[in-house]
Amino acid sequence: MDVVQQLLQWQQAHSSKALYCVIGDPIKQSKSPLMLNRAFEECSIDATYGAFQVAPDQLPQFVQAVRELGILGMNVTIPHKLHVMELIDEIDADALNLGAVNTVVNRNGRLIGYNTDGIGYVRSLKEEAVANITNKKIVVVGAGGAARGIIYALLQENPSSIYVINRTVAKAKELVASLQSNVPLLAAGQAELEQLCNDADIVINTTSVGMYPHPDETPIAGHWMKFGAVASDLIYNPLKTQFLLEAEQHGCIAHGGLGMFIYQGAFAFEYWTGQTAPVEAMRETVLAVLQ
Ligand code: ATR
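Because the structure is predicted, anything quoted here is derived from the model rather than measured. (Residues numbered from 1 in each chain as written. Predicted model: local features only at pLDDT ≥ 70, side-chain atom pairs only at ≥ 80, totals over all residues. Heavy atoms only, no water.)

**Student:** Explain the sheet that holds strand E11 (residues 230–233) to me, please; I cannot follow it from the model alone.
**Tutor:** What links the strands of a sheet is backbone hydrogen bonding, and the strands pair in either a parallel or an antiparallel sense. Pairing in this open sheet of six strands is parallel, and the strands run E9-E8-E7-E10-E11-E12 from one edge to the other. Pairing within the sheet leaves two strands with one partner each, and these edge strands are strand E9 (185–188) and strand E12 (253–255). Looking at each pair of strands side by side, their axes are set apart by 20 degrees on average, direction ignored. As paired strands, strand E7 (residues 137–141) and strand E10 (residues 202–205) are joined by four bridges and run parallel to one another. Considered in E10, the bridge of Val140 is made with Ile204. Packing of helix H5 (residues 117–128) onto the sheet brings it into contact with E10, E11 and E12, and relative to E12 it is tilted by some 150 degrees. (Pairing = 2+ DSSP bridges. Helix = DSSP H or I, 4+ residues; strand = E, 2+ residues; numbered from the N terminus. Axes fitted to C-alpha atoms, helices over the stretch in contact; angles between N-to-C directions. Contact = heavy atoms within 4.5 Å.)

**Student:** Just checking my understanding: could you explain the packing of H5 against helix H10 (residues 258–273) for this structure?
**Tutor:** The description of two packed helices rests on the angle between their axes and on the distance between the axes. Where H5 contacts H10, the axes come no closer than 7 Å and their chain directions differ by 120 degrees. Our pair here, H5 against H10, has a crossing hand that is right-handed. Only Gly259, Met260, Tyr263, Gln264, Ala266, Phe267, Glu270 and Tyr271 of H10 make contact with H5, whose side of the interface consists of Asp117, Ile119, Gly120, Tyr121, Arg123, Ser124, Glu127 and Glu128. Classifying every residue of the contact of H5 with H10 gives seven nonpolar, four polar and five charged. (Left-handed = near helix turned anticlockwise from the far one by under 90°. Nonpolar A, V, L, I, M, F, W, Y, C, P; charged D, E, K, R; others polar.)

**Student:** Can you walk me through the nonpolar core in this structure?
**Tutor:** Proteins that are soluble and globular tend to have nonpolar side chains buried together. Core analysis: the largest hydrophobic core is formed by 31 residues, its most contacted members being Tyr121, Leu125, Ile151, Leu154, Ile162 and Ile204. Secondary structure elements with two or more residues in this core: H5, E7, helix H6 (145–155), strand E8 (161–165), helix H7 (169–178) and E10. Tallying contributions element by element places H6 first for this core, with seven residues. Among residues more than four places away in sequence, those in contact with Tyr121 are Ile150, Leu154, Ile204, Ser232, Leu234, His255 and Met260. Listed in part, the 27 residues of the second largest apolar core include Cys43, Ile262, Tyr263 and Ala266. (Core = buried A, V, L, I, M, F, W, Y, C linked by side-chain atoms within 4.5 Å. Buried < 20%, exposed > 50% of the residue type's maximum accessible area, 1.4 Å probe, protein only.)

**Student:** Help me out: how do you make sense of the site of the ligand in this one?
**Tutor:** As a matter of local geometry, the ligand sits amid Gly142, Ala143, Gly144, Gly145, Ala146, Asn166, Arg167, Thr168, Lys171, Gln190, Thr207 and Val209. In the environment of the ligand, an oxygen atom lies 2.8 Å from a nitrogen or oxygen atom belonging to the backbone of Ala143. At a separation of 3.1 Å, an oxygen atom of the ligand approaches a polar side-chain atom of Lys171. In terms of residue class, the shell around the ligand is built from three nonpolar, seven polar and two charged. (Near = heavy atom within 4 Å. Polar contact = N/O pair within 3.5 Å; in protein donor to acceptor, adjacent residues only side chain to side chain.)

**Student:** Got a minute to help me understand the pairing of strand E5 (residues 103–107) in this structure?
**Tutor:** Taken residue by residue, a regular strand's side chains alternate between the two faces of the sheet. Counting buried residues along E5, four of its five residues qualify, which places the element largely inside the surrounding structure. Relative to E5, strand E3 (residues 73–76) runs antiparallel, the two sharing three bridges. Among the inter-strand pairings, Asn75 is bridged to a residue of E5, identified as Thr103. Where E5 lies against strand E6 (residues 110–114), five bridges are found, and the strand directions are antiparallel. Note on E6: the bridge partner recorded for Asn106 is Leu111.

**Student:** Before we go on, may I ask you to explain the packing of aromatic side chains in this structure?
**Tutor:** Per the stated rule, a full pass over the model turns up nine aromatic pairs. Both rings, one in Tyr20 and one in Phe40, keep their centres 4.9 Å apart while their planes meet at 25 degrees; by these two values the pair is stacked. Taken together, the residues Tyr20 in strand E1 (residues 18–24) and Phe40 in helix H2 (residues 32–42) connect sequence positions 20 residues apart. The exposure class of Tyr20 is buried, given its relative accessible area of 4%. When the centroid spacing of 5.6 Å and the interplanar angle of 25 degrees are considered together, the rings of Tyr236 and Phe261 count as stacked. Here Tyr236, found in the loop between E11 and helix H9 (242–249), pairs with Phe261, found in helix H10; they are 25 residues apart in sequence, far enough to count as distant. Take Phe261: its relative accessible area is 12%, and that puts it in the buried class. Each member of the aromatic cluster is reached from another via a ring pair, and the members are Tyr20, Phe40, Tyr49, Phe269 and Trp272. Over the ring of Phe267 we find Arg123; its NZ or CZ atom is 4.5 Å from the centre of that ring. (Phe/Tyr/Trp six-rings, centres within 6.5 Å; stacked < 30°, edge-to-face > 60°. Lys NZ or Arg CZ within 6 Å of the ring centre and 35° of its normal.)

In structure tokens, the structure reads:
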């Protein structure tokens, strides 16, 4: 059955409830339905959150159906975060600047796009590892889409500097040149990684190095870090990467990637409902399936 038909049937089967969904391709692995349905339940909101596998060529019809069927909100994941921007009615300034949308709010048939990935990461970093990022020296390893989102959000916190280090230096340079800020934002290559880590207050891995099924790999040796610094990884499978384990043994504070996932969902929940997200219940639900 066509995915637009699936959405219609799902909407008809749950027509008394407020409806939300996530779209991606693939989507089967997504923990968002579990996490958001728990959040609605915890807050006694009569809502249902479903997952739909939408191929790129089905995206325009699907988005139109979301608008017309009154689906109140949608999360957007790989590979639709860029293309969805052309299909909605309004884009929040930050999402527009960073060039990706992962959350859509349906206000009376007007679809408004936001990006909660970067702000979700920063909220998680502040609540779980370091309360104040202002004046901190930050090193970000990797220069892909994930790095861009979190650097954009980190710049709003006025750190003392951000170094972007990438295997392909040209990509780091390009990323740095595309973001405007009063904060010193600099690009470097792998050769400078050890020395820059040694001097940093916060080192963030945004690459996939160390992710399941290669948990023994690490892009950064723990002993390169300054004692007491924060080691942060966007990976949440495993919950604690080799980088974080080594850094922790070296006297650093470890911050894993699960929090970013939880808080990007928490911000989406808050944009949709206007209520504070039940973050601990959401975390408990996701942890239960990951462990
Ligand atoms: P995402 O959108 O999730 O950030 P991406 O755009 O593919 O994914 O970016 C992945 C990042 O991880 C890139 O910066 C990539 O480096 P290159 O630009 O040199 O490709 C980095 N990366 C991936 N595998 C890596 C590896 N084995 N060693 C070092 N960096 C790696």
